[in-house]
Amino acid sequence: KAVTTYEQNIEILEAFREKGVSQLELVLTGWFGGGVYHKYPEKIKLIGELGGQKGLQKLLDYTAAQNIPLFPDANLMTVYQKGNGFYAPDDASRTLDLNTAKIYTLSYATGLRREADGVIQAESFILSPNKLIGLTQSFLKGMSGYGFSGVSLRSSGNELYADYDRSDGVDRIASQAVSEESLRLIAEAMDHVMVREGNSYALPYATHILNAAGESSGYLITDEDVPFLQLVLHGYVSLSGRPVNLQSDPREAVLQAVETGMSLHVQLTYAEAHELKNTDCSENYSSNYRDWLDTISSAQMEMEERLASVAGAVMVSHE
């Protein structure tokens, strides 16, 4: 079921442009392979409900004409579904006791593993680092057929896995080298590469970092938040924090973005948010773009006006 078709993305972008917002970038999540928790991306198949090839091409033409960078999102290291070229006994990592390495969905109520209830997936597989380069090459080949110039990587910049397979094991140091090679291949093929959170080994290859840390852990030993990450990276990499529309105090989130020199990040849908209730994406509890259009546009216009002169500057101090 579509909550934002390819063509509806154009309508959302146009709505912000009509409000005067000129600096826009689009991350397209859930655009292929069955949705947000997509199939193994060795082969890329568009979703008919979102508009298929014709709808995607219209979106590509629009973003190119308006000079809006487009980042189709994919996960290369966590496999949500079997099939499409993925065979768990051969392709998944192994744990220390040689079982298949998995990530389990936990219950908010109990903290224990969820049962498979047909609505929210119970488990996902961790791809072996031995398979990552081959998958990266197949993924890039599939992406090239659609004419993308950018990509958003959901796990490649913030997750690192070992494989304790007895015959072909990979430790974390070797795994990091594999991840770097995967990122290098992607950076060579794409003009723009977005990662999430951004571990240090991913920084040479990333042009954008999404969900960058905007505050400290809040541990009691901490006296003040120091935006060290932003001090190092501002002016070199485009940074944005967690979605403003999914935080308890959106105005504070905007002010934090101003303070740290980060862009605003909003996670929006065309459909009403209640369409996502009891689905894999129920954390998007306030996602309808109409509810946020005026608030975000006003904040963005204010930021563009006040911060334009330092948008690409190096940050040398903070107080």
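What comes next is a walk through the structure. (Residues numbered from 1 in each chain as written. Predicted model: local features only at pLDDT ≥ 70, side-chain atom pairs only at ≥ 80, totals over all residues. Heavy atoms only, no water.)

As for the pairing of strand 2 (residues 70-74)
With respect to burial, strand 2 is a largely interior element, five of its five residues being buried. Neither face of strand 2 is open: one carries Leu70, Pro72 and Ala74, the other Phe71 and Asp73, and all of them are buried. With three bridges connecting them, strand 1 (residues 26-28) and strand 2 associate as parallel partners. Within strand 2, the position partnered with Val27 by the bridge is Phe71. Pairing between strand 2 and strand 6 (residues 150-153): two bridges, direction parallel. By the bridge assignment, Asp73 is partnered in strand 6 with Ser152. (Buried < 20%, exposed > 50% of the residue type's maximum accessible area, 1.4 Å probe, protein only. Helix = DSSP H or I, 4+ residues; strand = E, 2+ residues; numbered from the N terminus. Pairing = 2+ DSSP bridges.)

Looking at the packing of helix 7 (residues 250-260) against helix 8 (residues 289-307)
In helix packing, the relevant descriptors are the interaxial angle and the interaxial distance, both defined with respect to the helix axes. At a minimum axis distance of 11 Å, the contact between helix 7 and helix 8 shows a crossing angle of 20°. Viewed along their axes, helix 7 and helix 8 adopt a mutual orientation that is roughly parallel. As helix 7 packs across helix 8, the resulting crossing turns out to be right-handed. Residues Pro250, Arg251, Val254, Ala257 and Val258 of helix 7 pack against Trp292, Ala299, Glu302, Met303 and Leu307 of helix 8. (Axes fitted to C-alpha atoms, helices over the stretch in contact; angles between N-to-C directions. Parallel < 35°, antiparallel > 145°, perpendicular 65-115°, else oblique. Left-handed = near helix turned anticlockwise from the far one by under 90°. Contact = heavy atoms within 4.5 Å.)

Some remarks on the sheet that holds strand 3 (residues 78-79)
Paired through backbone hydrogen bonds, the strands of a sheet run either parallel or antiparallel to each other. The strand order across the open sheet formed by three strands is 3-5-4, and the pairing between neighbours is antiparallel. If you trace the sheet from one side to the other, it starts and ends with strand 3 and strand 4 (102-104), each paired once. Taken together, the three bridges between strand 4 and strand 5 (residues 123-126) define a ladder with antiparallel strand orientation. Counterpart to Ile103 in the pairing with strand 5 is Ser124.

Describing the nonpolar core
The biggest cluster of nonpolar side chains holds 74 residues, and the ones touching the most others in it are Tyr6 and Trp31. Setting aside residues no more than four positions away along its own chain, Tyr6 makes contact with Leu28, Trp31, Leu46, Ile47, Leu50, Gly51, Gly52, Gly55, Leu56 and Leu59. (Core = buried A, V, L, I, M, F, W, Y, C linked by side-chain atoms within 4.5 Å.)

Brief notes about the pattern of salt bridges
Summed over the entire model, instances satisfying the criterion amount to 13 salt bridges. Put simply, Arg242 and Glu215 hold a salt bridge, and the shortest N to O gap is 3.4 Å. Note that Arg242 is positioned in the loop between strand 9 (238-239) and helix 7 and Glu215 in the loop between strand 8 (208-210) and helix 6 (228-233), a separation of 27 residues in sequence. Residue Glu215 is classed as partly exposed on the basis of its relative accessible area of 42%. Its salt-bridge partner being Arg306, residue Glu302 comes within 3.5 Å of it at the nearest N-O pair. Separated by four residues within a single helix, Glu302 and Arg306 lie in helix 8, roughly one turn from each other. (Salt bridge = Lys/Arg side-chain N within 4 Å of Asp/Glu carboxyl O.)

Some details on a negative patch on the surface
Taken together, Asp223, Glu224, Asp225 and Glu259 make up a surface patch of like negative charges. Residue placement: Glu259 occurs in helix 7. For Glu259, a relative accessible area of 44% gives the class partly exposed. (Patch = residues over 30% accessible without salt bridge, like charges linked within 9 Å, V, L, I, M, F, W, Y side chains within 5 Å. Areas by Shrake-Rupley, 256 points an atom, 1.4 Å probe, with all protein chains shown as cover. Lys, Arg positive; Asp, Glu negative; His and termini not counted. Charge placed at Lys NZ, Arg CZ, Asp CG, Glu CD.)

Notes on the sheet that holds strand 2
In space, the six strands of this open sheet follow the order 1-2-6-7-8-9, with parallel pairing throughout. The sheet terminates laterally at strand 1 and strand 9, the two strands that pair on one side only. Sheet topology note: the strand 6/strand 7 (residues 192-196) ladder contains four bridges and is parallel. When the sheet's bridge partners are listed, Val151 is paired in strand 7 with Val193.

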